[in-house]
Structure formats: C-alpha cells, structure tokens
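The primary structure of each chain is shown beneath.
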Amino acid sequence: MAGDDGVRSGGAPGHGAGGDGGFEAATGDGPVPGAAPRVRAAEVRVAFEGLLQIRRLTHTGTGDPVAVPAAWERQRPVRAVALVLEAAGIAPSAVDAAGRRVATGFQVREGERPGTVRVEWVGPPGGGAAQDEERALGGCAAELGRLGWEALLYRGPSRRRFLEVEPLP
C-alpha cells in the first residue's frame, strides 16, 4: 500500500522508523540499527529489492530501468542514497543517545542545492575516519554511479572530502 512517504511496511523503501514495523534506511545520524545484524541485512535486502521493483514498474524511458532513479527516489534522495549505500554493504555511521558519534561510516544528509545529497565519511574523534574518507567515499561513489546517481568528490573548507550526489537525468 503506497503512502506519501513511499511504500509501507512489508519491506519496501522508506516508511516509518524502528518500532512501527516499517523500514528506515540508516543515514548515519541516528543510533546503530537495533536489529541483529542478520535481521537488519535481511530488512535492507528486502527494502532494496522493493526500490528496484519501483524502478522497474515506473520506468518509462529506454534502457535499463534499474539504472535510473525513480520519481520516489528523486523526491526522497536522502533515503534513497542511504538505502543504496547500506544495501551495498557500506556501513553507516551512528550516534549515541547524547549525540556523540560512536561508529565510523557514511553520513547522508540534504545537499546545498535542492534535489542533491551530501555524503560524508565520519566517525568518533580519533577513529581514523579522515584517513579513510577518500577510499571510502570512492567506494560510495562507485555504488551510487552503478545505480544512476552522479557522485562528485569535493574537498570542503575544513579540508575534509565529501560527495555531492544527484540523480542522473
């Protein structure tokens, strides 16, 4: 059953969070996903397959429908990009209840321009995220590119790298 936040529970992308039976992609700004790793992997796999099915069913152009972000993704790029990265096996970062970073991984948030997403590689202080960011973000860019997202690597004012991501036309 479709809702204004995507497709409802049953494994499809993006409705609800945690305890309401729905799936929410990890953006790297929340707690470590509470489900056991095997359970979380299964949830991610089902949600990602749902996203690919949305692409197949709504694709109207030529070429591979799986290689083009659907309207659902374009309307919710943070969720879509986070799901693609998590489905690729790339770990999200996480914060504890006090907001302290407790895990190294990707962080996805809205970009500066409408329809864009910013992906950073972050972790706890002294955790080595800065040293790993170029390699890790390169892996993120490769996965996103494979699924129809343009991901350009930039260096910010603090000398930290980040990706600016947007759907290909």
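Asker: Looking at this structure, I do not really get the confidence of the model for the chain. What am I missing?
Answerer: For the chain, the average pLDDT comes to 87, and 88% of its residues sit at 70 or higher. When the criterion is pLDDT under 50, residues 1-20 qualifies, and its contacts beyond four places in sequence or with other chains add up to 45 contacts.

Asker: Please explain the environment of Leu 137 as it appears in this structure.
Answerer: Structurally, the position occupied by Leu 137 is in helix H4 (residues 129-146). Among the residues examined, Leu 137 registers a relative accessible area of 0% and is labelled buried. Separated by 25 residues in sequence, Leu 137 and Phe 162 place their C-alpha atoms 7.1 Å apart. Beyond its immediate chain neighbours, meaning those up to four positions away, Leu 137 contacts Val 119, Glu 120, Trp 121, Leu 153, Arg 161, Phe 162 and Leu 163.

Asker: Please clarify how H4 should be interpreted in this entry.
Answerer: If you check H4, its first and last C-alpha atoms are 24 Å apart, about what 18 residues at 1.5 Å a residue would give, namely 26 Å. Bending of H4 peaks at approximately 35° at the position of Arg 135. Those residues of H4 that fall on the buried side of the exposure criterion are Ala 129, Glu 133, Ala 136, Leu 137, Cys 140, Ala 141 and Leu 144. Against helix H3 (77-87), strand E6 (117-122), strand E7 (149-155) and strand E8 (161-167) lie the buried residues of H4. After H4 finishes, the residue Gly 148 shows a positive phi value of roughly 90°.

Asker: Before we go on, may I ask you to explain the pairing of E8 in this structure?
Answerer: Residues in a regular strand project their side chains so that they alternate between the two faces of the sheet. Judged by how many residues are buried, E8 sits mostly within the fold: six of seven residues are covered. Across seven bridges, E7 lies against E8 in antiparallel orientation. Within the sheet, the bridge partner assigned to Glu 150 lies in E8 and is Glu 166. In textbook terms, the turn of a hairpin is the stretch between consecutive antiparallel strands, and for E7 and E8 this stretch comprises five residues, one of which, Arg 159, has a positive phi near 75°.

Asker: I tried to follow the side chain of Glu 73 on my own but got confused; where do I start?
Answerer: Structurally, the position occupied by Glu 73 is in helix H2 (residues 71-75). Within the structure, Glu 73 has its side chain in polar contact with the backbone nitrogen of Ala 70 (distance 2.7 Å). Non-local contacts of Glu 73, meaning those with residues more than four positions away in its chain, are made with Leu 51, Arg 55, Val 68, Ala 80 and Trp 149.

Basis of the calculations
- Residues numbered from 1 in each chain as written.
- Predicted model: local features only at pLDDT ≥ 70, side-chain atom pairs only at ≥ 80, totals over all residues.
- Heavy atoms only, no water.
- pLDDT = per-residue confidence, 0-100.
- Contact = heavy atoms within 4.5 Å.
- Helix = DSSP H or I, 4+ residues; strand = E, 2+ residues; numbered from the N terminus.
- Buried < 20%, exposed > 50% of the residue type's maximum accessible area, 1.4 Å probe, protein only.
- Expected span 1.5 Å × (residues − 1).
- Bend = angle between axes of the 7 residues up to and from the residue.
- Pairing = 2+ DSSP bridges.
- Polar contact = N/O pair within 3.5 Å; in protein donor to acceptor, adjacent residues only side chain to side chain.

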